[in-house]
Amino acid sequence: MPKATAIVNARVFDGIRLRDWTSVRFAEGTITDCATGPTAHHGDEVVDAHGGTILPGLIDSHIHLVPGALAQGLTFGVTTALDMFSQADVMAAAKRQAGTRSDVADVRSAGIGATAPGGHPSAMYSPFPTLTGPEQAERFVADRVAEGSDFVKVFGPSGPAGPWATPSLNLATITALTEAAHSRGLVVVAHVNSLAGLREVVSAGVDVIAHVPVDGELDRALAERIAEAGIAVGPTLTTAENVLGEPGGAAVASDPRLAGMLDDAQVRRLTSGASAQHGRKTPPYSRAEVNVGRLVDAGVTILAGTDAPNPGTVFGASLHRELELLGRCGMTPAQALSAATVAPARMFNLADRGHVAPGQRADLVIVSGDPLTDVTATRAIERIWRAGVPCDRRAFVANAAETRELEAFDARVAKVVAAVRELRYGFGQARPH
């Protein structure tokens, strides 16, 4: 293997803007030089990009770990994944895999999220520790740190008040968790799916908000408050559109730039998301895009994440759909690309990645075409390097154990979705009188 690699005849997007560089050189997993002229040294491997665009390796800022997640993500240019809830043993196994293999994405994880007894997502991941009050926050965070969590996930109020509400943490407990995490230098991510919950977690001082509410329209004052507080939002639109009945997964499956890397099972997964909601009364998906647009207008930092493997999503492939959807919310291609590179790297203190520059980790993707004009050009991937190691880009095919685990995950999701539909939208099993 050569000592170093030099990519030439390229356009370079550094995570923020297009540079005038045409060449990037890296050695031993680190970028050593970016220049307008040749960077190759004697003995280097030289890769001709043929006018293609170099991007930082993509970061999916919202996944949930199942076996195979990191391998499949990497085949679509996702070099780092941020796991937003996993049991401690699943998190530890994924970290071991990422630390010993170059053919899977790197990973950071929240481990077990903080919720109330019976609160979301206890129907999916049971048993796990819960909290009943702020006095338990310090111990909860300490236990997550001991298990290896890289940041803290909290579940905010998840529905309307009344007899059909899901149990949730109160503001005092969320605030105490946030303070305990911040005292250890940890980022706090808050799951919300209602405007009321959004207001509450903003008051608690969290750092990142996962999902965008669709139970009403976000007002300008709240969007500006989020921006002023420096809170980032990961709207996970690619999951929202499928949950709310839009055929977004089918759009991914039908794109020839992605389809060649998907097997029949993955195509079925992508096309099954919206069909399950057909004809059912849910809020319009367009409301999600309106609310994200208001966040964008207010200057809120947006993070690209998929919430894979929820129905209608596939690891890696769906992140490219997320970029397209962010563009529909008013983000420029450069802003959308930043949402999948430099923005999550900064928010989650990943100082060594998300940016093409000397000294940065050599997580790099070459795409043909111009994603600064058409962000869907990210789907035309030519080459991928993970910490300087080239990815042998072949379609991921799940083994039997991975398939069983994914099917088990789907069953847990179906249970939760059915409960949420009944609580919030009034369909599913009849309510008792």
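Scroll up a little and you will see the structure.
We now turn to the structure provided with this report. Nothing here was measured: the structure is a model prediction, and the numbers come from that model. (Residues numbered from 1 in each chain as written. Predicted model: local features only at pLDDT ≥ 70, side-chain atom pairs only at ≥ 80, totals over all residues. Heavy atoms only, no water.)

Let's talk about the nonpolar core
To be explicit about the condition: As used here, the term nonpolar core means buried Ala, Val, Leu, Ile, Met, Phe, Trp, Tyr and Cys residues forming a set that is joined through side-chain atoms within 4.5 Å. The buried label applies to any residue whose accessible area, calculated with a 1.4 Å probe on protein chains only, is under 20% of its type's maximum; exposed applies above 50%, and partly exposed to all values in between. Whether two residues touch is decided by their heavy atoms; if any such pair falls within 4.5 Å, the residues are in contact.
Among the nonpolar cores identified, the biggest contains 89 residues, and L70, L177, L198, I209, I226, L237 and L326 are the most heavily contacted of them. Those residues in contact with L70 that lie beyond four places of it in its chain are L65, A81, A94, Q97, A98, V104, A105, D106 and V107.

Looking at the pairing of strand β5 (residues 30-35)
The following threshold applies: When DSSP finds two or more bridges between a pair of strands, those strands are recorded as paired. Secondary structure follows DSSP: runs of H or I at least 4 residues long count as helices, runs of E at least 2 residues long count as strands, and numbering of each begins at the N terminus.
As paired elements, strand β4 (residues 23-27) and β5 share five bridges and run antiparallel to each other. Residue pairing in the sheet places V24 in a bridge with C34 of β5.

Some words on unusual backbone geometry
Leave glycine aside and you will find that most residues have negative phi; peptide bonds, for their part, are mostly trans. At the junction of H120 and P121, the peptide bond is cis and its omega measures out at 5° in the coordinates. Along the chain, the position of P121 falls in the loop between β10 (106-109) and α3 (137-147). Cis geometry marks the peptide bond from A308 to P309, where omega comes out at 10°. By the element assignment, P309 lies in the loop between α11 (286-298) and α12 (317-328). Of note, E28 is a non-glycine position whose phi angle comes to about 50°, a positive value. Among the structural elements, E28 can be located in the loop between β4 and β5.

Quick notes on the sheet that holds strand β6 (residues 45-48)
For clarity, the cut-off: All axes here are fitted lines through C-alpha atoms, helices being fitted over the stretch that makes contact, and every angle between N-to-C directions spans 0 to 180 degrees.
Within the open sheet, the four strands sit side by side as β5-β4-β1-β6. Their pairing is mixed. For this open sheet the edge positions go to β5 and β6, each flanked by a neighbour on one side alone. Averaged over all pairs of adjacent strands, the angle between strand axes in this sheet comes to 20°, irrespective of strand direction. Examined bridge by bridge, strand β1 (residues 4-8) and β6 share four bridges and lie parallel to one another. Bridging across to β6, T5 finds its partner in E45.

Here we look at the side chain of R25
Looking at the secondary structure, you find R25 in strand β4. With a relative accessible area of 11%, R25 lands in the buried category. When residues no more than four places from it in sequence are discounted, the contact partners of R25 are A4, T5, A6, T30, I31, T32, D33, T39, H41 and D44.

What to know about the pattern of salt bridges
Let me state the cut-off plainly: Whenever a carboxyl oxygen of Asp or Glu lies within 4 Å of a side-chain nitrogen of Lys or Arg, that contact is scored as a salt bridge.
Tallied over the entire structure, the rule returns 21 salt bridges. Notably, a salt bridge pairs R101 with D103, separated by 2.8 Å at the nearest N-O pair. Where E241 meets R321, a salt bridge forms, and the shortest distance between an N and an O atom there is 3.0 Å. With a gap of 80 residues between them, E241 in helix α7 (residues 237-243) and R321 in helix α12 connect regions that are remote in the sequence. Residue classification places E241 among the buried residues on the basis of a relative accessible area of 1%. We classify R321 as buried; its relative accessible area is 8%. Residues participating in the shared-partner salt-bridge network are D106, R108, D352, R353, R361 and D363.

Digging into the environment of D297
Relative to the assigned elements, D297 resides in helix α11. Residue D297 is classed as exposed on the basis of its relative accessible area of 66%. On a C-alpha basis, the gap between D297 and M331 in space is 9.0 Å, while along the polypeptide they are 34 residues apart.

A closer look at the packing of aromatic side chains
The cut-off we apply is this: By convention, a stacked pair of Phe, Tyr or Trp rings (six-membered ring in the case of Trp) has centres within 6.5 Å and planes under 30 degrees apart, an edge-to-face pair has planes over 60 apart, and any other such pair is tilted.
Taken as a whole and assessed by the stated rule, the structure comprises four aromatic pairs. Seen in terms of ring centroids, F85 and F128 are 5.2 Å apart; in terms of plane orientation they differ by 70°. Their pairing is edge-to-face. Placement of the pair is F85 in the loop between β9 (78-83) and α2 (88-100) and F128 in the loop between β10 and α3, with a sequence separation of 43 residues. Of the two residues, F85 and F128, both sit in the buried class.

Quick notes on the sheet that holds strand β8 (residues 58-63)
Read across the open sheet, the three strands follow the order β8-β9-β10; overall the sheet is parallel. Each edge of the sheet is formed by a strand with only one pairing partner; in this case those strands are β8 and β10. Here the strands of the sheet are splayed against their neighbours by 20° on average, with no regard to which way each runs. Bridge count for β9 against β10 is four bridges, and the pairing is parallel. Across the sheet, the residue bridging to L82 is R108, located in β10.

Observations regarding the pairing of β4
Burial analysis of β4 places five of its five residues in the buried class, which makes it a mostly covered element. The alternating pattern of β4 places S23, R25 and A27 and V24 and F26 on opposite faces, both of which are buried. Pairing geometry for β1 and β4, over four bridges, is antiparallel. Paired with I7 across the two strands is V24, which belongs to β4. Adjacent in sequence and paired antiparallel, β4 and β5 are bridged by two residues, among which E28 carries a positive phi angle near 50°.

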